Amino acid sequence: MRLGVIGYGLWGKRHADALAKLDDAELIAISCRSEDTAALVRQDYPDVSVHLDYRDLLARDDIDAVTVVVPNYLHAEVGVAALEAGKDVLMEKPMAATAEECDRLVAAAQQNNRVLTIGEEFRLSSQWGAIKSSVDAGDFGTPMYVNISLFRFPFRHTSQNWRYRSDMVGSWILEEPIHFFDQAVWYMEKWGKPQSVIAYGNSNERDRGMYDNFTAVVKFSHGAYAVISQTLGGFEHHFITEVVGTEGSVRGLWSGDMDRTRKPSFELKVQRNTDAAAQRLELDAASGEAFELEEQMRLVVDAFRRREPVVTPEEGKIAVVLCNESERSILEGREIPLEL
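In what follows, the accompanying structure is described.

Reading the values: the criteria
- Residues numbered from 1 in each chain as written.
- Predicted model: local features only at pLDDT ≥ 70, side-chain atom pairs only at ≥ 80, totals over all residues.
- Heavy atoms only, no water.
- Helix = DSSP H or I, 4+ residues; strand = E, 2+ residues; numbered from the N terminus.
- Rg over C-alpha atoms; globule rule 2.2 N^0.38 Å.
- Buried < 20%, exposed > 50% of the residue type's maximum accessible area, 1.4 Å probe, protein only.
- Contact = heavy atoms within 4.5 Å.
- Lys, Arg positive; Asp, Glu negative; His and termini not counted.
- Charge placed at Lys NZ, Arg CZ, Asp CG, Glu CD.
- Salt bridge = Lys/Arg side-chain N within 4 Å of Asp/Glu carboxyl O.
- Core = buried A, V, L, I, M, F, W, Y, C linked by side-chain atoms within 4.5 Å.
- Axes fitted to C-alpha atoms, helices over the stretch in contact; angles between N-to-C directions.
- Parallel < 35°, antiparallel > 145°, perpendicular 65-115°, else oblique.
- Nonpolar A, V, L, I, M, F, W, Y, C, P; charged D, E, K, R; others polar.
- Pairing = 2+ DSSP bridges.
- 1 Å grid on protein atoms, 1.4 Å probe; cavity = no way out; pocket = protein on both sides within 12 Å on 5 of 7 lines; lining within 4 Å.
- Points joined across faces, edges and corners; volume = space filled by probe spheres on them.
- Phe/Tyr/Trp six-rings, centres within 6.5 Å; stacked < 30°, edge-to-face > 60°.
- Lys NZ or Arg CZ within 6 Å of the ring centre and 35° of its normal.

Take the overall build of the chain next. Counting secondary structure elements, the chain contains 10 helices and 15 strands. The globule rule puts the C-alpha radius of gyration for 340 residues at 20 Å, and the 20 Å found for the chain is close to it. Among the 340 residues that make up the chain, the fraction classed as buried is 54%. In the chain, 67% of the contacts between residues at least 6 apart in sequence involve partners at least 24 apart. If you average the places of the 37 positive and of the 54 negative side-chain charges in the chain, the two averages end up 1 Å apart.

Attention now goes to the pattern of salt bridges. Summed over the entire model, instances satisfying the criterion amount to 34 salt bridges. One salt bridge connects Arg306 with Glu308, and the closest N-O pair in it is separated by 3.0 Å. What makes Arg306 partly exposed here is its relative accessible area of 42%. The network of salt bridges with common partners includes Arg152, Arg156, Glu176, Asp259, Arg260 and Glu289.

The subject of this paragraph is the nonpolar core. Val66, Leu116 and Phe181 are the most contacted members of the largest nonpolar core, which totals 69 residues. When residues of this core are assigned to their parent elements, the largest contribution, seven residues, is made by helix H8 (residues 177-187). Leave out the neighbours within four places in its chain, and Leu116 touches Leu83, Val89, Met91, Met95, Leu105, Val106, Ala109, Pro309, Val311 and Pro313. If you look at the next biggest cluster of nonpolar residues, it comprises 26 residues, including Trp11, Ile30, Val41 and Leu90.

Following both chains from N to C, one finds helix H5 (residues 99-111) and helix H10 (residues 313-332) inclined at 170 degrees, their axes separated by 9 Å at the closest point. Regarding the angle of H5 to H10, the classification is roughly antiparallel. Residues Ala99, Cys102, Asp103 and Val106 of H5 pack against Pro313, Glu314, Lys317, Val320, Val321 and Asn324 of H10. Along the lines of polarity and charge, the residues of the contact of H5 with H10 split into six nonpolar, one polar and three charged.

Moving on: the environment of Asp139. Mapped onto the elements, Asp139 comes out in the loop between helix H6 (126-136) and strand E7 (143-152). Placed 134 residues apart in sequence, Asp139 and Asn273 show a C-alpha to C-alpha distance of 10.0 Å.

Cis peptide bonds are those with omega within 30 degrees of zero, and the linkage from Lys93 to Pro94 qualifies with -10 degrees. Turning to its location among the elements, Pro94 is positioned in the loop between strand E5 (88-92) and H5. At Asn113, a residue that is not glycine, the phi angle is positive and equals roughly 55 degrees. Tracing the sequence through the fold places Asn113 in the loop between H5 and strand E6 (116-119).

Overall, parallel pairing links the six strands, which are arranged E3-E2-E1-E4-E5-E6 in an open sheet. On the outer flanks of this sheet lie strand E3 (49-51) and E6, each paired with one strand and no other. Each neighbouring strand pair of the sheet contributes to a mean axis angle of 20 degrees, computed without reference to strand direction. Where strand E4 (residues 65-68) and E5 come together, four bridges link them in parallel fashion.

Here the focus is the layout of surface pockets. Within this model, the largest pocket holds a volume of roughly 1,000 Å³. Within the residue set of the lining of the largest pocket, elements represented by two or more residues are helix H1 (10-20), helix H2 (35-44), helix H3 (54-58) and helix H4 (75-84). In the lining of the largest pocket, the residues fall into 15 nonpolar, 13 polar and 17 charged. Approximately 230 Å³ is the volume attributed to the second largest pocket. Lys317, Ile318, Val321, Glu339 and Leu340 are, among the 14 residues lining the second largest pocket, the residues nearest its centre.

It is worth spelling out the packing of aromatic side chains at this point. Taken as a whole, this structure holds 10 aromatic pairs when the rule is applied. On the numbers, 5.3 Å between centres and 85 degrees between planes, the contact of Tyr164 with Trp172 is edge-to-face. Across the pair, Trp172 and Tyr164 agree in class, each one buried. The structure contains a cluster of three or more aromatic residues connected by ring pairs, namely Phe122, Trp128, Phe180 and Phe239. If you follow Arg152 out to its NZ or CZ, it ends over the ring of Phe153, 4.4 Å from the centre. In this arrangement the basic side chain of Arg163 is found over the ring face of Phe155, its NZ or CZ atom lying 5.5 Å from the centre.

Below is the structure:
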């Protein structure tokens, strides 16, 4: 499988590094926006072609698939172009900035018989995946409450500073909380889609959508609900996921001095109603973005071969809708019914 990477910022470099480690895939070309970045690519990967225009990369016949790691506002443009050029696509989250742009991507994938998979690497985590397996197995009965919370330092400033521009990022809800919405919907998958969302946010004199503190409550049809919360006014990177069911509960913790550390501390504890005390579960692999991305690349290459996405565009769109309807809830000060 011959691949290209479009975008070589902090996360794009991680994509390239993860692809380069695979034995059954070859990194052929990388597209970036500036000569300065191109110089870094040539330094990191002297045998890989570099393009300053992603369309030149897409025009190549020796590339089967691409990973798209560009600012949010470019996702639909680049993704549609890649699919129409006959490439399979791994689209980093968010799938796109709006539901309409998600639909454009889906149509392009269908019309060109291409695989489009979405980069929701939390689904590939040994830690958060263990919770999913236990929920699906009925270990805790029917899930009634999900709490997902992140306490972290402010977002990094980049060369374009696109994450601090609302016209480029869309909103900060589309950055980290989109993972948490997807995670909650994933856990509740057997019990139906979310029915409504109400959200709250505040910021330190930033543009619309740039909430330093954000909380949403997502309701499900069987009376369950999920609380999604994030603050960017904290320090380090501390993450909690809790699921409470009718017959037990589970709690996962993850902490690191940085979000992409390779030396995190993490644990997973469960207690069923019949247990005298909580039990700590041993995980098969380390947990964290640095490890999940490598697993994602391995699975995505296999998915392209099998012609089946790891995370479907339909799942990616639901997360985008939840983010944007949360933004609408904050602006309108009311609960928003969902039609998914």
